[in-house]
Every structure is written in structure tokens, then in C-alpha cells.
Amino acid sequence: MHTMWKGSISFGLVNIPIKLYAATEDKDIKLRTLHKKCHTPIQYEKKCPNCDEEVQTDEIVKGYEYVKGKYVVLSDEELQELKDEHEDKTVEIIDFVKMEDIDPIYFNRSYFLGPGENGGKAYGLLREALNQSGKIGIAQITIRSKQQLAMVRVYQNCIVMETVHYPDEVRNVKEVPSVPEQVEVGSKELETAIMLIDQLTTTFDPEKYKDDYRLALQELIERKVNQDEGKTPTEAAPRQNVVDLMSALQASIEKTKKPQGKTKAKPAKVATPATKEKAAAPTTLAKKTKTVRKKA
């Protein structure tokens, strides 16, 4: 199991070295988006719509939109300074409460806490104290630059930390539309509903419940693989700069176009003795040729 975080649990003067592990994992089947024509995975480019150009990683900054279309830019240095100031590798337990005092709507994500080096004895002490008291610890922790509220409890034989939403992160239930304030319910209807609940009441067994859709999707994928229905992306054709090619073709067409309108008549040449002599030359040649043929 991969260690996500190393630190300690502290309550009062007690400090316990711990390691943090993800207690849950996402089992969703990840599907890629492919081009229907050639079955090649689709790429998503980081592009600025204003400059109409692809943006490199070193050209990206973070900003907060405080009004529509207006941002304040936060530099990496400013964010790192805040992170260093608030990041503390300690799960600080500040209160102990009863588990039933916390509504499940506040629960976020679960993490296993394992003992760090030389922390086994202190770890076992906290685990036993939580079991004996029936209480859970309310703590604060910073994970990935985010300060979170958490509760520390025992799950089976392991200490577990559940991250908890802050009150302002839970939306106001009064904003839910069309929720009736009070409804008159008939006694027989109520008795029947309670009887149905009693009949369906059982001991919670998590192994009983399955993700039917995920299992069916997995079965469908395996069947297609076994039937050799896999698709291989076709080889990419050499890319051409279509814009430049079209520009060159259009420019060539424009260059070969004749000027529109009436064709201007060429100015008449003035006859000179030289031009007259050139014009008469072919006739003389023809006569000589004719004479030679007669002699032959």
C-alpha cells in the first residue's frame, strides 16, 4: 500500500508518528474517447481562444475570477509561500465528540493511519483509548495544500481518518426547491410504510451490495476482447499545411488571370525602307525556289 503522507497525530502532549494511506479506491472503468473514423485516442490541446495559439506549460499562470471576465493573477511564488506557511505535518486533534453527533453529510474521504517508526506503542494506546471511551477525535490536517477538517476513529483494528466538510461547504438545505414543510399523512398509510421498513430491516453487510453496472460493463468489454473485436488505430497520414497550400494555389490562380475589360489595340507600325525590304524578302526567296525547280 502506497504511503501518501508522513507526519504525526498530536493531542495534548502526546505525539504519535504515523503514515497515511488511501482507504478507498475508485473502481470506475475508464473509457477513452476515440475518433470514430480511425479509432485513434482524441487529444485535448491547451489553446488560448483569444490568441488562437497553443499554450505551453511555462506560459500558464493561475488566476481567480472575482467578477465576470476579470481576474487577479497569483504567482507560483505567492502560492508556495502560503503553502509553506500553512502546511503542517501534524494531525492535530482539538476535540473529542460522539460519533452520532456528526451527520454523514459532512463525511468526505477515508484514510487509513498506520504507525510510523517507533510509534507502535503510542498508536495502540490511542486506539484503545478511543475504543474504551466511545469517542472520536476532531482534527485539522493539511493535505495537498488544502487545510481540511477531519475525524479520527477506529475501524476494525486500524485508526482511520475521515476528512470532513467545513460547515460553509455544505449547502443550505432550505435552497432545495419544492420541499414540503408539513404533509398530512393518514395513519394507515404510515403504519403500512413502517411495517415495510421493519420487514426490510437487516444487519448491514457491505459485501451484499455490488455495482451491477460496472460488473456488466466489465463483462461486455471482456466478451468483446475474447471475440477479437479490438480496434487498432490506423496509421496517421502525413500532415500537410492545408492553409499554406490553399494560399499558394489561390495566389497562382490570381497570377494567371488576364486583366478584365476590352483589349487595347496595339499601335500600328510605321513602314520604313528597312521593313519594306524585310517584307519583300520572302517573296524573292519563293521566286528563286520556283526557278530552281524549273531548271531541274
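Cut-offs and rules
- Residues numbered from 1 in each chain as written.
- Predicted model: local features only at pLDDT ≥ 70, side-chain atom pairs only at ≥ 80, totals over all residues.
- Heavy atoms only, no water.
- Helix = DSSP H or I, 4+ residues; strand = E, 2+ residues; numbered from the N terminus.
- Buried < 20%, exposed > 50% of the residue type's maximum accessible area, 1.4 Å probe, protein only.
- Contact = heavy atoms within 4.5 Å.
- Areas by Shrake-Rupley, 256 points an atom, 1.4 Å probe, with all protein chains shown as cover.
- Salt bridge = Lys/Arg side-chain N within 4 Å of Asp/Glu carboxyl O.
- pLDDT = per-residue confidence, 0-100.
- Pairing = 2+ DSSP bridges.
- Expected span 1.5 Å × (residues − 1).
- Arc of directions from axis to C-beta.
- Disulfide = S-S within 2.5 Å.
- Phe/Tyr/Trp six-rings, centres within 6.5 Å; stacked < 30°, edge-to-face > 60°.
- Patch = residues over 30% accessible without salt bridge, like charges linked within 9 Å, V, L, I, M, F, W, Y side chains within 5 Å.
- Lys, Arg positive; Asp, Glu negative; His and termini not counted.
- Charge placed at Lys NZ, Arg CZ, Asp CG, Glu CD.
- Core = buried A, V, L, I, M, F, W, Y, C linked by side-chain atoms within 4.5 Å.

Draft legend 1. Representation of the overall build of the chain in the model. When you go through the chain residue by residue, the secondary structure sums to six helices and eleven strands. Buried residues in the chain amount to 15% of all 296 residues. If you take every contact in the chain between residues at least 6 apart in sequence, the share linking residues at least 24 apart comes to 58%. Element-wise, carbon and sulfur atoms account for 54% of the exposed surface of the chain, whose accessible area totals about 26,100 Å².

Draft legend 2. Fine view of the pattern of salt bridges. All chains considered together, the criterion is met by five salt bridges. Note that Asp-26 and Lys-30 form a salt bridge whose closest N and O atoms lie 3.3 Å from each other. For the residue pair Asp-26 and Lys-30, the accessibility class agrees, reading exposed in each case. Between Lys-47 and Asp-52 there is a salt bridge whose closest N-O contact spans 3.2 Å. The same class applies to Lys-47 as to Asp-52, namely exposed.

Draft legend 3. Spotlight on the confidence of the model for the chain. Confidence in the prediction of the chain, expressed as mean pLDDT, is 80, and 79% of residues score 70 or more. Within the chain, the element-level pLDDT minimum falls on helix 6 (residues 273–295), averaging 45, and the maximum on strand 11 (residues 158–164), averaging 93. Taken as a whole, residues 270–296 scores under 50 in pLDDT and shows two contacts with residues more than four places along the chain or in a different chain.

Draft legend 4. Focus on the pairing of strand 9 (residues 135–143). Summarising burial for strand 9: seven of the nine residues are buried, a large majority. With six bridges connecting them, strand 7 (residues 90–98) and strand 9 associate as antiparallel partners. Within strand 9, the position partnered with Glu-92 by the bridge is Gln-140. When strand 9 meets strand 10 (residues 146–155), the two strands line up antiparallel, connected through seven bridges. Bridged to Gln-140 within strand 10 is Leu-149.

Draft legend 5. Region of interest: helix 2 (residues 120–133). Here helix 2 is 14 residues long and its end C-alpha atoms lie 20 Å apart, about the 20 Å a rise of 1.5 Å per residue gives. Residues of helix 2 that are buried: Tyr-123, Leu-126 and Leu-130. Viewed along the axis of helix 2, the buried residues span an arc of 65°, placing them on a single side of the element. Away from the buried face of helix 2 by more than 90 degrees, exposed residues Lys-121, Leu-125 and Gln-132 are located. Note on helix 2: the residue one or two positions beyond its end, Gly-134, has a positive phi of about 70°.

Draft legend 6. Quick look at unusual backbone geometry. Not every positive phi belongs to a glycine, and Asp-52 is a case in point at roughly 55°. Looking at where Asp-52 falls in the secondary structure, it is placed in the loop between strand 3 (47–48) and strand 4 (53–54). For Asp-52, a relative accessible area of 57% translates into the label exposed. One non-glycine residue, Gln-156, lies in positive phi territory at about 55°. Along the chain, Gln-156 turns up in the loop between strand 10 and strand 11.

Draft legend 7. Molecular detail of the state of the cysteines. Throughout the structure, instances matching the rule amount to zero disulfides. In this structure Cys-51 is not part of a disulfide, and its nearest cysteine sulfur, from Cys-48, lies 3.8 Å away.

Draft legend 8. Quick look at the packing of aromatic side chains. One pass over the structure, following the stated rule, counts three aromatic pairs. Ring centres of Phe-112 and Tyr-155 lie 6.4 Å apart, and the angle between their planes is 20°; this geometry places the pair in the stacked category. A residue pair is termed long-range when its members are at least 10 positions apart, and Phe-112 in strand 8 (residues 107–115) and Tyr-155 in strand 10 qualify at 43 residues. The class for Tyr-155 is partly exposed, based on a relative accessible area of 39%. Between Phe-204 and Tyr-209, the ring centres sit 5.9 Å apart and the planes meet at 20°, which makes this aromatic pair stacked.

Draft legend 9. Representation of the pairing of strand 6 (residues 70–74) within the structure. Pairing of strand 5 (residues 62–67) with strand 6 involves five bridges; the strand directions are antiparallel. Bridge pairing in strand 6 places Tyr-64 opposite Val-72. Between strand 5 and strand 6, which follow one another and run antiparallel, lie two residues, and Gly-69 among them has a positive phi close to 85°.

Draft legend 10. Fine view of a negative patch on the surface. A cluster of like negative charges, contributed by Asp-76, Glu-77, Glu-78, Glu-81, Asp-84 and Glu-85, occupies part of the molecular surface. Of note, Asp-84 is situated in helix 1 (residues 76–86). According to the relative accessible area criterion, Asp-84 is exposed, its value standing at 51%.

Draft legend 11. Region of interest: the nonpolar core. Counting residues in each nonpolar core, the largest one holds 20 residues, and the members touching the most others are Ile-9, Val-91, Val-152 and Met-161. Elements represented by at least two residues in this core include exactly strand 1 (5–11), strand 2 (14–22), strand 7, strand 8, helix 2, strand 9, strand 10 and strand 11. Residues within four places of Ile-9 in sequence aside, it is in contact with Val-14, Asn-15, Ile-16, Ile-18, Val-91, Ile-93, Leu-113 and Leu-126. Ile-136, Leu-149, Met-151 and Val-164 belong to the second largest nonpolar core, which has six residues in total.

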